[in-house]
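Here's the letter readout for the chains.
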2 protein chains.
Amino acid sequence: MAVVLTKVDQVTDGLFRALRVAPTAVPRGRPMYRGIVQLIDDGIASGALAPGHRLPAERELARALKVARATVVSAYRELESRGLVRGYVGRGTFVAAQPDSGTPFAWRGKISTAAIESTDGTLREIMRHAADAAVVSLAAGTPALDLFPVDSFQAATDYVLGRHSAVTWGHAPTEGLLSVRETFAARFGGDPDEVLVIAGAQQGLELLTRCLIDRGDAVIVDRPGYLGALQSFRTAGARVIGWDFLRASIDELEDLILRYRPKLLYTNPTFQNPTGVTLPIRTRRELIELARRYRLPIVEDETYRELSFGAAVPPSLYDLDEDGTVVIRVNSFSKVLAPGLRLGWITAPRTIVDQLATMKQQSDPHTQNLVQLVIARLIDVGVFDRHLAVLRTEHKRRRDHMVTQLARSTAPGALRFTVPDGGLFLWCRLRQTTAASAVQSYALSRGVFLITGEPFYRDGGGAHEIRLCFTNVLPAVATKACSVIGEALRRCGETSDEAGLQRIV
Amino acid sequence: MAVVLTKVDQVTDGLFRALRVAPTAVPRGRPMYRGIVQLIDDGIASGALAPGHRLPAERELARALKVARATVVSAYRELESRGLVRGYVGRGTFVAAQPDSGTPFAWRGKISTAAIESTDGTLREIMRHAADAAVVSLAAGTPALDLFPVDSFQAATDYVLGRHSAVTWGHAPTEGLLSVRETFAARFGGDPDEVLVIAGAQQGLELLTRCLIDRGDAVIVDRPGYLGALQSFRTAGARVIGWDFLRASIDELEDLILRYRPKLLYTNPTFQNPTGVTLPIRTRRELIELARRYRLPIVEDETYRELSFGAAVPPSLYDLDEDGTVVIRVNSFSKVLAPGLRLGWITAPRTIVDQLATMKQQSDPHTQNLVQLVIARLIDVGVFDRHLAVLRTEHKRRRDHMVTQLARSTAPGALRFTVPDGGLFLWCRLRQTTAASAVQSYALSRGVFLITGEPFYRDGGGAHEIRLCFTNVLPAVATKACSVIGEALRRCGETSDEAGLQRIV
């Protein structure tokens, strides 16, 4: 074939050489851009244009073909829409590596940056295993659900449907039903106007993240700290700075504030997730003082507050912040009633409640009415507080049982933990030679799911720590689970990280 | 006071002149930066440093004071944390205009860009008025809730609590309970793996936005179109491009695709919100063909599909997309059962369901179990379909009633609409001399809330349109509401936009 090339730039030259066609021979379709699309499409299909082949700049190709630049722009856009080429700002347009030949549609190319970055499925995995009857899960933080007051719940539901049926079915205010906000305020503090009803603490953290965090902002978070909070902050593009929660040094915190100028501090000061530790009153006062001095909002996760086994718990940061200006408190019924209910609340200054509600309407115009009304009813008639007393007693019993069983089934030093005074978790340190991930894999292969320390750090920590929820399994099941954990520790105990993984996985 | 100035730059010089203190006389606190903070703080408090006063560059001030630059950096950061000064990249640090003297905490300065941009409270306002017993709301799109099958719902709740109590309280998979996904798939199409359970269509739109949209991406949306979708896309920083829904020209759509290279098309093709119009089968086929050609994902909102008054409805885009690759269908029980339940579902290719679930876990680890199980039960036992038949009959009756009443209470030409064959809305055009906002204000002052066209456009349209939901009020109430609307039209009918606003508000 006689190829007559006009004078074009090197890349354009290359295109026509590869396609073995002269610019003047390109079919003039109607519309013209379709001819160009066809030409390049055929070139890719025949292999003449290999993946990575750089296409001419739009201007150059337009000149070579004697068409308007807009025509080439349209052609390139269509090719890109079809996944055949990909443009990079400042670099040019290239034949795509993998035109999805089998599928008509390349979904991967459609996913947003935030979604692609958000690949961590830890929470989902916890949800899945928690719902799997074939697996004993010590991973999810769940109270003793076998003690859930089913009859009282059913009676409250009947009451609500009998009395408030119209309210139940209709739309409701984004911030929550007023009567429910009043009940929550009376029982847990704050003014009804300062209460925002949410579908669980995780929704609250996500709303707070969206309201307070811009990409690149720093946030200070307990280290180790709640994995769901870490995940929300990271997906929002925040720089997550860890504050050593077990040391809880105010000097360290002040240094971090000065160095990173954070947008907020997220902490879970009472029966902390994952460590089970409670910050003492002195540290709490210093935290508030520091937050006021540096005008640093504190997001206080008080999810575990009501779960003390008897010892008095220091006042919350929210209560210590007497002016009510620097602390936003997040709370949930997941750990004191049942996670399946999906109900929580935030207590915060009105301006923040208002801002959060404006964000909330976009993803959730309002929280389900029935569950709001039923739980408010359980609080009003005293069922909630009676149930809390039941949980505290039983949780303590289960804690003691698991501590005993772990001592029985593990070698001394293989598993170290501080016995917590409340909450749901044992935070266990393994030997430095034991990889938590190997223990997790082995235990799962024997039907026991536990969670390693890594998701609570996200910066390389946690490789030798595991978190066990001691509240949600009956003692007989806990006994078996502890024996599996003991076995896992023995199997993985003498290995280093890598070796452990290699041997077990 | 004898002021001895060392040689520093002009701005630094100015600072010390204003403060009437020599650099050498600045108190050396421990830590040193506190002395600087104190100095400037006092200067601001005394008025010596006025709002807008530019502080020296950190380096210059450090040189003048003979301290490390880091010391000045720390001082400026603390001052900024306290809201006393504000730094602008490339311009310098300035005394803040309004140190919040009364409040110890300046929340406004803490709010993220996205939250500040997201000031539209239309959905919240709709929720509030819908929940207000003193207001007749024709704004919220709500089915006839007075016909809700309360007894069947209560029976289904009893059944679920009796049989599936453990499932109800515990954690559940993020994507929804398997049995529920099976029921939804069987009744509404798709494979159970292709169903994602959500807390209403709005959550689905928000998840899709977060999964598919990067800041700056273009999206094509029905114009007019659902305000909640517009809001989600805008908050995500998308460029929202309107496609004229009533013309529904495929050529226009192709032009928009070529010009804007959109990330997705959002459309609500059946009994559309707000127009009530249904796209014909030919347009639907062309839409699919176009989407495949340009590899453009279609988000199909099928919220109103089941609400036909009798006429056959063309197949959904989801069903026409036989390979099941380009359409993501969003659905909800809000318009067919009750919005207060907060339940919906998405049907989409598995990869998308998976990606959506990974995003969902962050704001909502799973949807409430009880409502999932109860609604699946209502579908399984046939209550759902019987209720749909009841709604269709009654909704048609209420449509006819409202059409009659509007004709009676308004002058010819004051209110024009196409009588819809299904759905919940009358989309009414006013005279060009009638401002919808004035009509809205007047009606609200008489206890009737309706929504104007503006939130459905967001680009200046809708000033002479209103949307009325005809399904959610009893005929006697509708009669009164229509008479208020007639009065409002008479009051506002002869005025231009501005004059109307001035006269009424």
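Conventions adopted
- Residues numbered from 1 in each chain as written.
- Chains lettered and ligands numbered in written order.
- Predicted model: local features only at pLDDT ≥ 70, side-chain atom pairs only at ≥ 80, totals over all residues.
- Helix = DSSP H or I, 4+ residues; strand = E, 2+ residues; numbered from the N terminus.
- Rg over C-alpha atoms; globule rule 2.2 N^0.38 Å.
- Contact = placed C-beta atoms within 7 Å.
- Pairing = 2+ DSSP bridges.
- Domains from an automatic or database assignment.
- Axes fitted to C-alpha atoms, helices over the stretch in contact; angles between N-to-C directions.
- Core = buried A, V, L, I, M, F, W, Y, C linked by C-beta atoms within 7 Å.
- Buried ≥ 20, exposed ≤ 12 C-beta atoms within 10 Å, placed from the backbone.
- Least-squares fit on C-alpha atoms with pLDDT ≥ 70 in both.
- Right-handed = clockwise from strand over helix to strand, strands pointing away.
- Nonpolar A, V, L, I, M, F, W, Y, C, P; charged D, E, K, R; others polar.
- Expected span 1.5 Å × (residues − 1).
- pLDDT = per-residue confidence, 0-100.
- Parallel < 35°, antiparallel > 145°, perpendicular 65-115°, else oblique.
- Left-handed = near helix turned anticlockwise from the far one by under 90°.
- Arc of directions from axis to C-beta.

## Some points on the overall build of chain A
Stage number 1. The helix and strand inventory of chain A stands at 20 helices and 16 strands.
Stage number 2. Relative to the compact-globule value of 23 Å for 505 residues, chain A shows a C-alpha radius of gyration of 29 Å, a clear excess of over 25%.
Stage number 3. In terms of its C-alpha atoms, chain A occupies a principal-axis envelope of roughly 90 × 60 × 50 Å.
Stage number 4. Long-range contacts, defined here as pairs at least 24 residues apart, represent 71% of the contacts in chain A between residues at least 6 apart.

## Observations regarding the sheet that holds strand E16 (residues 465-469) of chain B
Residue and element names in this part refer to chain B.
Stage number 1. Overall, antiparallel pairing links the 4 strands, which are arranged E12-E13-E16-E15 in an open sheet. Two strands bound the open sheet, and with one partner strand each, they are strand E12 (415-416) and strand E15 (451-452).
Stage number 2. Sheet analysis places strand E13 (residues 425-430) next to E16, joined by 5 bridges and oriented antiparallel. Note on E16: the bridge partner recorded for Leu-426 is Leu-468.

## Concerning the domain arrangement of chain A
Stage number 1. Its domain assignment divides chain A into domain 1 (10-110), domain 2 (122-140 + 386-504) and domain 3 (164-381).
Stage number 2. Look at where the C-alpha atoms of domain 1 of chain A and domain 3 of chain A centre, and you get two points 52 Å apart.

## Here's the deal with the sheet that holds strand E8 (residues 264-267) of chain A
Residues and elements named next belong to chain A.
Stage number 1. Pairing in this open sheet of 7 strands is mixed, and the strands run E5-E11-E10-E9-E8-E6-E7 from one edge to the other. Edge strands, defined here as strands with exactly one partner in the open sheet, are strand E5 (195-198) and strand E7 (239-244). Strand-to-strand twist across the sheet, computed as the mean angle between neighbouring axes with direction ignored, equals 20°.
Stage number 2. Bridge count between strand E6 (residues 218-223) and E8: 3 bridges; the pairing is parallel. Note that in E8 the partner of Val-221 across the bridge is Tyr-266.
Stage number 3. Here helix H12 (residues 250-260) sits on the sheet in contact with E6 and E7, set at roughly 160° to E7.

## Topic: the environment of Ala411(A)
Stage number 1. With respect to the helices and strands, the residue Ala411(A) is situated in the loop between helix H17 (383-409) and strand E12 (415-416).
Stage number 2. C-alpha separation for the pair Ala411(A) and Gly486(A), spaced 75 residues apart in sequence, amounts to 7.8 Å.

## Details of the nonpolar core
Stage number 1. Judged by nonpolar contacts, the single largest core of 252 residues is most densely connected at Leu138(A), Val439(A), Leu468(A), Leu138(B), Val439(B) and Leu468(B).
Stage number 2. If we skip the residues at most four places from it in the chain, Leu468(B) touches Leu138(B), Met402(B), Phe425(B), Leu426(B), Cys428(B) and Leu450(B).

## Brief notes about the relation of the copies chain A and chain B
Stage number 1. For these two chains of identical sequence, chain A goes onto chain B by a turn of 180° and a shift of 0.1 Å along the axis, with RMSD 0.4 Å. Here the copies are linked by what is in effect a two-fold axis.
Stage number 2. Both copies contact each other with a shared surface, as 100% of the interface residues of chain A are interface residues in chain B too.

## Some remarks on unusual backbone geometry
Residue and element names in this part refer to chain A.
Stage number 1. Following Asn-273, the chain continues into Pro-274 via a peptide bond in cis, with omega recorded as 15°.
Stage number 2. Here Pro-274 lies in the loop between E8 and helix H13 (281-293).
Stage number 3. Unusually for a residue other than glycine, Lys-66 sits at a positive phi of about 55°.
Stage number 4. With respect to the secondary-structure elements, Lys-66 resides in the loop between helix H3 (58-65) and helix H4 (69-81).
Stage number 5. What makes Lys-66 exposed here is the crowd of 10 C-beta atoms within 10 Å.
Stage number 6. The backbone phi angle of Ala-248 is positive, close to 50°, even though this residue is not glycine.

## Comments concerning the pairing of E6(A)
Looking along a regular strand, one sees side chains alternate from face to face of the sheet.
Stage number 1. Here E6(A) lies mainly inside the structure; 5 of its 6 residues are buried.
Stage number 2. Handedness of the E6(A)-helix H11 (residues 227-235) of chain A-E7(A) crossover: right-handed.

## Observations regarding the interface of chain A and chain B
Stage number 1. Listed as interface residues are 88 residues of chain A and, on the opposing side, 88 residues of chain B.
Stage number 2. Residue contributions to the side of chain A that touches chain B peak at 9 residues, all from helix H15 (residues 350-363) of chain A.
Stage number 3. Taken together, the residues that form the side of chain A that touches chain B break down as 38 nonpolar, 33 polar and 17 charged.

## A look at H17(A)
Stage number 1. For H17(A), with 27 residues, the first-to-last C-alpha span of 38 Å sits near the 39 Å given by 1.5 Å per residue.
Stage number 2. Looking at H17(A), one finds that the buried residues are Phe384(A), His387(A), Leu391(A), His395(A), Arg398(A), Arg399(A), Met402(A), Gln405(A), Leu406(A) and Ser409(A).

## Some words on the pairing of strand E11 (residues 344-347) of chain B
Residues and elements named next belong to chain B.
Stage number 1. Burial of the side chains of E11 extends over both faces: Gly-344 and Ile-346 are buried on one face and Trp-345 and Thr-347 on the other.
Stage number 2. Bridging between strand E5 (residues 195-198) and E11 involves 4 bridges; their strand directions are antiparallel. In the sheet register, Val-195 faces E11, and the bridge partner there is Thr-347.
Stage number 3. Two elements, strand E10 (residues 327-332) and E11, share 4 bridges in a ladder whose sense is antiparallel.

## A closer look at the confidence of the model for chain A
All names here are of chain A.
Stage number 1. Per-chain confidence: chain A averages 88 in pLDDT, with 92% of residues scoring 70 or above.
Stage number 2. Considering only residues more than four positions removed or in separate chains, one finds that residues 1-8, a stretch of pLDDT under 50, has 15 contacts.
Stage number 3. Considering only residues more than four positions removed or in separate chains, one finds that residues 495-505, a stretch of pLDDT under 50, has 21 contacts.
Stage number 4. Reported for the predicted complex are a pTM of 0.80 and an ipTM of 0.79.

## Re the packing of H3(A) against H4(A)
Residues and elements named next belong to chain A.
Stage number 1. Following both chains from N to C, one finds H3 and H4 inclined at 120°, their axes separated by 8 Å at the closest point. What the angle tells us is that H3 and H4 run oblique. Like other packed secondary-structure pairs, H3 and H4 cross with a definite hand, here right-handed. Listed contacts from H4 to Glu-58, Arg-59, Leu-61 and Ala-62 of H3 are Arg-69, Thr-71, Val-72, Val-73 and Tyr-76.

## Re the packing of helix H18 (residues 436-445) of chain B against helix H19 (residues 475-492) of chain B
Residue and element names in this part refer to chain B.
Stage number 1. The N-to-C vectors of H18 and H19 enclose an angle of 130°; their axes lie 9 Å apart at closest approach. Classified by the angle between their axes, H18 and H19 sit oblique to one another. The crossing of H18 and H19 is right-handed. Contacts from Ala-438, Val-439, Tyr-442 and Ala-443 in H18 reach Val-484, Ile-485, Ala-488, Leu-489, Arg-491 and Cys-492 in H19.
Stage number 2. Considering only residue class, the contact of H18 with H19 consists of 9 nonpolar, no polar and 1 charged.

## A few points about helix H13 (residues 281-293) of chain B
Residues and elements named next belong to chain B.
Stage number 1. The end-to-end C-alpha distance of H13, which contains 13 residues, comes to 18 Å, matching closely the 18 Å that a straight helix rising 1.5 Å per residue would cover.
Stage number 2. Listed in full, the buried residues belonging to H13 are Arg-284, Leu-287, Ile-288 and Ala-291. Seen from one end, H13 has its buried residues packed into an arc of 95°, which puts them on one side. The exposed set on the far side of H13, more than 90 degrees from its buried face, consists of Arg-282 and Glu-289.

## Considering the environment of Ser165(A)
All names here are of chain A.
Stage number 1. As for its placement among the helices and strands, Ser-165 is situated in helix H8 (residues 165-169).
Stage number 2. C-beta crowding within 10 Å serves as the criterion here: with 18 such atoms nearby, Ser-165 is assigned to the partly exposed category.
Stage number 3. Each C-alpha atom of the pair Ser-165 and His-366 lies 17 Å from the other, and the pair is 201 residues apart in sequence.

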